[in-house]
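Structure assessment
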Amino acid sequence: MLTTIGDISARVGENVRLGVWLYNKRSSGKIQFLQLRDGTGFIQGVLVKKNVTPEVWESASGLTQESSLYVEGRVRADERSPSGYELDVTSIEVIQLAEEYPISLKEHGVEFLMDHRHLWIRSPRQHAILRIRGEITKAIQNWLDEQNFTLVDPPVLTPSSCEGTTNLFHTKYFDEDAYLTQSGQLYMEAAAMALGRVYSFGPTFRAEKSKTRRHLIEFWMIEPEMAFVDHEESLRIQENMLSHVVQHVLEHCQAELKTLNRDISYLQNVKAPFPRITYDEAVDLLNREGMEFTWGEDFGAPHETKIAESFDRPVFITHYPADIKAFYMKPDPKRPEVVLCADLIAPEGYGEIIGGSQRIDDPNLLEERFQQHQLSQEAYGWYMDLRKYGTVPHSGFGLGLERTVSWICGLDHVRETIPFPRMLNRLYP
RNA sequence: UCCUCAGUAGCUCAAUGGUAGAGCGCCCGGCUGUUAACCGGUAGGUUGCAGGUUCGAGUCCUGCCUGAGGAGCCA
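Calculation rules
- Sequence order sets the numbering: in each chain, residues are counted from 1 along the sequence as written.
- Following the order in which they are written, the chains are lettered starting with A and the ligands numbered starting with 1.
- Local features in this predicted model are restricted to residues of pLDDT 70 or higher, and side-chain atom pairs are both shown and tallied only at a pLDDT of 80 or more, whereas totals for entire chains, interfaces and linings draw on every residue.
- In computing side-chain properties, one takes all heavy atoms of the structure into account and sets aside hydrogens as well as water.
- UniProt positions are given in the numbering used here, feature names are shortened, and annotations may be inferred rather than shown by experiment.
- When a carboxyl oxygen of Asp or Glu lies within 4 Å of a side-chain nitrogen of Lys or Arg, that pair is called a salt bridge.
- Numbering of helices and strands runs from the N terminus; a helix is a DSSP stretch of H or I covering at least four residues, while a strand is a stretch of E covering at least two.
- For every residue, the accessible area (1.4 Å probe, protein chains only) is compared with the maximum for its type, and the residue is labelled buried under 20%, exposed over 50%, or partly exposed between those bounds.
- Start and end points for every domain follow an automatic or database-based domain assignment.
- Throughout, a contact is declared for two residues whenever any of their heavy atoms are within 4.5 Å.
- Buried area: the accessible area, evaluated with a 1.4 Å probe, that two parts lose upon being put together, summed over both parts.
- Pairs of N or O atoms are called polar contacts if they sit within 3.5 Å, as long as, within protein, a hydrogen donor faces a hydrogen acceptor (for residues adjacent in sequence, only side-chain-to-side-chain pairs).
- Three classes are used: nonpolar for Ala, Val, Leu, Ile, Met, Phe, Trp, Tyr, Cys and Pro, charged for Asp, Glu, Lys and Arg, and polar for all others, with Gly counted as polar.
- Only heavy atoms are used to decide nearness, and a residue is near a molecule or strand if one of them lies within 4 Å of it.
- Definition of nonpolar core: a set of buried residues of the types Ala, Val, Leu, Ile, Met, Phe, Trp, Tyr and Cys, connected through side-chain atoms within 4.5 Å.
- Paired strands are those between which DSSP finds at least two bridges.

Under an unreviewed UniProt entry, the name given to chain A is Asparagine--tRNA ligase, and the organism recorded is Melghirimyces algeriensis. In UniProt, chain A has this text filed under Catalytic activity (unreviewed entry): "tRNA(Asn) + L-asparagine + ATP = L-asparaginyl-tRNA(Asn) + AMP + diphosphate + H(+)".

1. Side note on the pattern of salt bridges
This structure, assessed with the given rule, holds 28 salt bridges. A salt bridge links Glu309 to Lys306; its shortest N-O distance comes to 3.5 Å. One salt bridge in this structure joins Asp361 and Lys330, with 3.2 Å as the shortest N-O distance. Here Asp361, found in the loop between strand 17 (351-358) and helix 11 (363-372), pairs with Lys330, found in the loop between strand 13 (315-318) and strand 14 (331-332); they are 31 residues apart in sequence, far enough to count as distant. According to the relative accessible area criterion, Asp361 is buried, its value standing at 15%. Several salt bridges converge on common partners, so that one network encompasses Arg76, Asp78, Arg80, Glu86 and Asp88.

2. Thoughts on the domain arrangement of chain A
Segmentation of chain A into domains returns domain 1 (5-96) and domain 2 (117-416). Distance from the C-alpha centre of domain 1 to the C-alpha centre of domain 2: 45 Å. Contacts between the two partners involve seven residues from domain 1 and, on the opposite side, four residues from domain 2. A combined buried area of about 510 Å² lies between domain 1 and domain 2, and 52% of that area is made up of carbon and sulfur atoms. Taken together, the connections running from domain 1 to domain 2 amount to one salt bridge. For Arg122, the salt bridge goes to Glu66, with nearest N and O atoms at 2.9 Å. On the surface where domain 1 and domain 2 come into contact, there are two residue pairs in polar contact (both at pLDDT 80 or more). Among the residues forming the side of domain 1 that touches domain 2, the class breakdown is three nonpolar, two polar and two charged.

3. Focus: the protein's contact with RNA strand B
If you check the shell around RNA strand B, you find 47 residues, and the closest are Asn24, Glu86, Leu105, Arg213 and Arg403. Restricting attention to atoms of RNA strand B within 4 Å of the protein, one finds that 51% of them are sugar or phosphate atoms. Glu107 places a polar main-chain atom, nitrogen or oxygen, 3.2 Å from a sugar or linking oxygen of RNA strand B. In this structure, Arg206 approaches RNA strand B through a side-chain N or O atom, which is 2.5 Å from a sugar or linking oxygen. Residue assignment for the surface near RNA strand B shows that the elements contributing at least two residues are strand 1 (15-27), strand 2 (31-37), strand 3 (42-48), helix 2 (110-115), strand 11 (218-227), helix 10 (301-308) and strand 17. In terms of residue class, the surface near RNA strand B is built from 12 nonpolar, 14 polar and 21 charged.

4. A look at the nonpolar core
Ile132, Ile136, Ile140, Leu144, Trp407 and Ile408 are the most contacted members of the largest nonpolar core, which totals 42 residues. For Trp407, the contacting residues outside a window of four places in its chain are Leu242, Val246, Arg262, Leu267, Val270, Pro314, Ala346, Pro347, Glu348, Tyr350 and Ile353. Counting 31 residues, the second-largest nonpolar core is a separate cluster that includes Ile277, Ala322, Leu366 and Leu375.

5. Notes on the sheet that holds strand 7 (residues 157-158)
Pairing in this open sheet of three strands is antiparallel, and the strands run 7-9-8 from one edge to the other. Taken across any chain shown, the strands that pair with only one partner, and hence form the sheet edges, are strand 7 and strand 8 (170-173). In this structure, strand 7 lies alongside strand 9 (residues 176-180), joined through two bridges in antiparallel fashion. Of the residues in strand 9, the one forming a bridge with Thr158 is Tyr179.

6. Some points on the environment of Pro333
Position of Pro333 relative to the elements: it lies in the loop between strand 14 and strand 15 (335-339). On the basis of relative accessibility, which here comes to 65%, the residue Pro333 falls in the exposed class. Through-space distance from the C-alpha of Pro333 to that of Arg369 is 16 Å; in sequence the pair is 36 residues apart.

7. A short note on the pairing of strand 17
Counting buried residues in strand 17 gives six out of eight residues, a clear majority hidden from the surface. Of the strand pairs in this sheet, strand 16 (residues 341-346) and strand 17 are connected by six bridges, and their pairing is antiparallel. By the bridge assignment, Ile345 is partnered in strand 17 with Glu352. The turn joining strand 16 and strand 17, which pair antiparallel and follow one another in sequence, is formed by four residues; a positive phi near 60° is taken by Glu348. The pairing of strand 17 with strand 18 (residues 394-400) spans five bridges and is classified as antiparallel. Residue pairing in the sheet places Ser357 in a bridge with Gly396 of strand 18.

8. As for unusual backbone geometry
For the bond running from Ala272 to Pro273, omega is 0°, close enough to zero to count as cis. By secondary structure assignment, the location of Pro273 is in the loop between helix 8 (265-268) and strand 12 (276-278). A cis amide bond links Tyr428 with the next residue in sequence, Pro429, at an omega value of -5°. Topologically, Pro429 is positioned in the segment after helix 13 (401-409). Notably, Phe228 is not glycine yet its phi reads approximately 60°, a positive angle. Since its relative accessible area comes to 63%, Phe228 is described here as exposed. A positive phi angle is found at Gln374, which is not glycine, with a value near 55°. With respect to the helices and strands, Gln374 occurs in the loop between helix 11 and helix 12 (377-388).

The following block contains the structure:
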């Protein structure tokens, strides 16, 4: 019966058996310190030569980095340990003596680490990030489930573009052309008309030659879509969901945030409501701050960073010009040149983490948009049907998981937020 | 696609156009509280590839390859 390191605090004074890997070892002539990890945490095993059998001492002496083993010993609370606990090792059963491990404890370059991503994820920092990613996913799904959303899975293989803008990954579907999805949104609109409040959680693909710290070729999105919900209510749902996620991580991932040296004072402010400014106000703000920007352009990364600097929590930018947004967004009835949409910009220069809008519900207007954007009736007929058979006001948004993880963890690149990143020059491992 | 920078030992990096080096890791030895432990020793090289200039190129020139950061696009 194995104990896990994560549960060790409840086993002080007891003899336990752990299945572990050797992360590091320090030794002197008569005492050895084994840094052990089992996926749930890290603990130091201690062997004093005069207190263990010669066999145990010898097998410890021969251990190499990342060797796999079962250890038995007594759990002891110790103030000298960063985790507060140590294990006095009494027995070692080597499963495998590992070959020389490529990743030493000294510094490494990005290329080397990415080539060894399958091993790199064992290190404390990567371990902490992936644990936080898991908790973020859990918090989002728990919150949406509590709000009576239904999880719906849109297709990954699609016949055409959802938005018609970005480059898609092309593949064959027997004799037809097919593409990997870049967004499940249009399908989620159909699902919302069937189930009311729905969300998808899955991978999306963009064949863009983007090469920055905020871009992946394959990334994960959460896309809620809600019938009978207008733009304003959608914003309230977004800010409440994200507040819940951040507070959940602060509560459940203290050790991981500490491993990452994350300054959590930036995160403690992240509580609804979030500030809202219109696109017009954002343009004024940029001009006041000395950045040249003309109405009608889209914001670039430096603009988003500058806007975010004026706020202590994520900020919504609303009412963008219709011309720079997707065809399905509903125009503001009071001002048809702008649409009922919002991008949520994270603090500290992390950029856009949510994009959302109220959707066009009027069949005639949608028809008009199809013609303007030269979208074929053949490909989008089913989407048009949603407006013919009981159309209702509805809204939705998409949250980029990796950018959210990157921001909450305080990372400088999204490549560390996903186990095996797919990037412009990276398909291996 | 464009702009900028970089490729030297397993890793991280040095080396005026003149004998290719250090730290870490591996291996051997030492050390009873180490925190990327420390101390001593051994081994380890087609300087990204192909040309060119030169008495002589890791170093200068040209082309290519690979990677990094950024732009555009986006989440």
